[in-house]
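# Survey of secondary and tertiary structure
Below are the chains, spelled out letter by letter.
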Amino acid sequence: MTDNWMVAELDPIRRLRVLAATVPGALRHREVLLPAPVDRVWAVASDLERELPRLLTTVRSFRFTGGEGERLRAHAVGRFGQQADFEVVLRPGWCLMQSRFVVGAMAAVPEGEGTRFATLGGFRFPGARLLSPLTGLLGDVAIRRFAEHPALRD
Amino acid sequence: MTTAVQQEAGPTPGIDPALVRDAQRGDPLALAELMELLTPYVGRICGPIARQDGPDAAQDALIVILRGLRQLREPAALLGWARTIAVREAVRVAQRAGRTVTAPLDELRAAGDPQLATDVEDALARLTPEHRAVLVLRDLEGVDETTTSSVLAVPLGTVRSRLARARRSFRKVWES
């Protein structure tokens, strides 16, 4: 009695919900339904080097520096010259990035003829809850910019 | 991970105690990795108990498990602890959904028939969440009666009588 129907599965959106409810810090979790197929959405979302500086006003550049398979390393430079090294897990439908102070994640699954897309982002250090208004602002701006991305329009 | 826990937990990959400790400190990558290691185990418990609501139950169970991780003093106890939470969340979600199946079973399939699994699922669906939980723990996971009593928070005698009734109900539906 171990057939697949006996095992409840968690898609990437559900996994992101679990993380949003359990990772400590000041995090902002958003979900949107996009009218584009998941392959097209993920092609944009996973192009981190090009898209992160476009979506996040605080990021000037994001460059992969190493790693292999789905475990990668990256170096980010902020608008004011601040720098951070990131650990990245990237695979179809799932991306999780963390530096010493910041965490970011994205997930996508097909829903109807479109895609359910979710983001999670914020600060992970103690006392970061004071920055909640900022994470809210950044999270809302980023997901709105993503939803309006030219590559996702018909 | 101790051998005892691995045997008790069944074919679940061993979980590095250092990973559990990193997750207890709130490291997001460790929490995500631990979630992925626990998901098949939690899903195997929540699926048969909560059925179509299994993904909801598994999601809720993982939130409770990872949120409460700091209370866990011994990483080797993780799987047993996760199992207790998964069973309780699955029963809770199934009770909340309150779905019952009343349509009669189709003709019984022969073993090996691809429809067999569907028939088993139909038969399970006719049981209460509490009966599905005791069947999952004893007959699928092979958990002993004492542990089942602890997981379900009911006396040993209740486990035995509930298991007997659950098996009788399953057999009755199966053979009808």
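Anything mentioned here points back to the structure above.
Quick summary incoming for the structure in this document. The structure presented is a predicted model; accordingly, all values stated were derived computationally and were not measured. (Residues numbered from 1 in each chain as written. Chains lettered and ligands numbered in written order. Predicted model: local features only at pLDDT ≥ 70, side-chain atom pairs only at ≥ 80, totals over all residues. Heavy atoms only, no water.)

### Focus on the overall build of chain A
The number of helices and strands found in chain A is four helices and seven strands. Computed over the C-alpha atoms, the radius of gyration of chain A is 16 Å, within 12% of the 15 Å expected from 2.2 N^0.38 for a compact globule of 154 residues. Of all 154 residues assigned to chain A, the portion counted as buried reaches 44%. Within chain A, contacts between residues at least 6 apart in sequence are counted, and of these 52% link residues at least 24 apart. (Helix = DSSP H or I, 4+ residues; strand = E, 2+ residues; numbered from the N terminus. Rg over C-alpha atoms; globule rule 2.2 N^0.38 Å. Buried < 20%, exposed > 50% of the residue type's maximum accessible area, 1.4 Å probe, protein only. Contact = heavy atoms within 4.5 Å.)

### Side note on the environment of G25 of chain A
For G25 of chain A, the location among the structural elements is in the loop between α1 (12–22) and β1 (26–34). Among the residues examined, G25 of chain A registers a relative accessible area of 16% and is labelled buried.

### Looking at the interface of chain A and chain B
Taken together, the contacts link 26 residues of chain A with 32 residues of chain B. Across the contact surface, chain A and chain B share five salt bridges. One salt bridge connects D27 of chain B with R124 of chain A, and the closest N-O pair in it is separated by 3.5 Å. Run the count over chain A and chain B and you get eight residue pairs in polar contact (both at pLDDT 80 or more). Top contributing element to the side of chain A that touches chain B by residue count: α1 of chain A, with seven residues. Counted by class, the side of chain A that touches chain B contains 15 nonpolar, two polar and nine charged residues. (Salt bridge = Lys/Arg side-chain N within 4 Å of Asp/Glu carboxyl O. Polar contact = N/O pair within 3.5 Å; in protein donor to acceptor, adjacent residues only side chain to side chain. Nonpolar A, V, L, I, M, F, W, Y, C, P; charged D, E, K, R; others polar.)

### Side note on helix α3 (residues 28–50) of chain B
Residue and element names in this part refer to chain B. For α3, which comprises 23 residues, the first-to-last C-alpha distance of 28 Å sits more than 12% below the rise-based estimate of 33 Å (1.5 Å per residue). Of all the bends in α3, the largest measures some 40° and sits at T39, one to four residues before the proline P40. The buried fraction of α3 is high, at 19 of 23 residues. The N-terminus of α3 is capped by D27, whose side-chain oxygen sits 3.2 Å from the backbone nitrogen of L29. (Expected span 1.5 Å × (residues − 1). Bend = angle between axes of the 7 residues up to and from the residue.)

### With respect to the environment of Q82 of chain A
Residues and elements named next belong to chain A. With respect to the helices, strands and loops of the structure, Q82 is situated in the loop between β3 (71–78) and β4 (83–91). In this structure the C-alpha to C-alpha distance between Q82 and R60, which are 22 residues apart in sequence, comes to 9.6 Å. When residues no more than four places from it in sequence are discounted, the contact partners of Q82 are T58, A76 and V77.

### Regarding unusual backbone geometry
Residues and elements named next belong to chain B. Although it is not a glycine, R51 sits at a positive phi angle of roughly 50°. One can find R51 in the loop between α3 and α4 (54–67). A positive phi angle, close to 55°, is found at A153, a residue other than glycine. If you trace the backbone, A153 turns up in the loop between α8 (145–152) and α9 (156–175). Look at A153 and you get exposed, because its relative accessible area is 59%.

### Looking at the packing of α1 of chain A against α3 of chain B
Packing of α1 of chain A against α3 of chain B brings their axes to within 11 Å, and their N-to-C directions diverge by 130°. Compared by their axis directions, α1 of chain A and α3 of chain B come out oblique. The handedness of the crossing between α1 of chain A and α3 of chain B is right-handed. In this structure, α1 of chain A uses R15, V18, L19 and T22 of chain A to contact α3 of chain B, whose residues at the interface are P28, L31, A32, M35, E36 and T39 of chain B. Counted by class, the contact of α1 of chain A with α3 of chain B contains six nonpolar, two polar and two charged residues. (Axes fitted to C-alpha atoms, helices over the stretch in contact; angles between N-to-C directions. Parallel < 35°, antiparallel > 145°, perpendicular 65-115°, else oblique. Left-handed = near helix turned anticlockwise from the far one by under 90°.)

### Describing the packing of aromatic side chains
All names here are of chain A. With the rule as written, the count across this model stands at three aromatic pairs over all chains. Here F117 and F146 contribute two aromatic rings whose centre-to-centre distance is 4.2 Å and whose plane-to-plane angle is 10°, an arrangement assigned as stacked. One end of the pair, F117, is in strand β7 (residues 114–123); the other, F146, is in helix α4 (residues 132–147), and 29 residues separate them in sequence. The class of F146 is buried, set by a relative accessible area of 1%. A network of ring pairs unites the aromatic residues F62, F64 and F86 as a single cluster. (Phe/Tyr/Trp six-rings, centres within 6.5 Å; stacked < 30°, edge-to-face > 60°.)

That is the geometry; function is a separate question.
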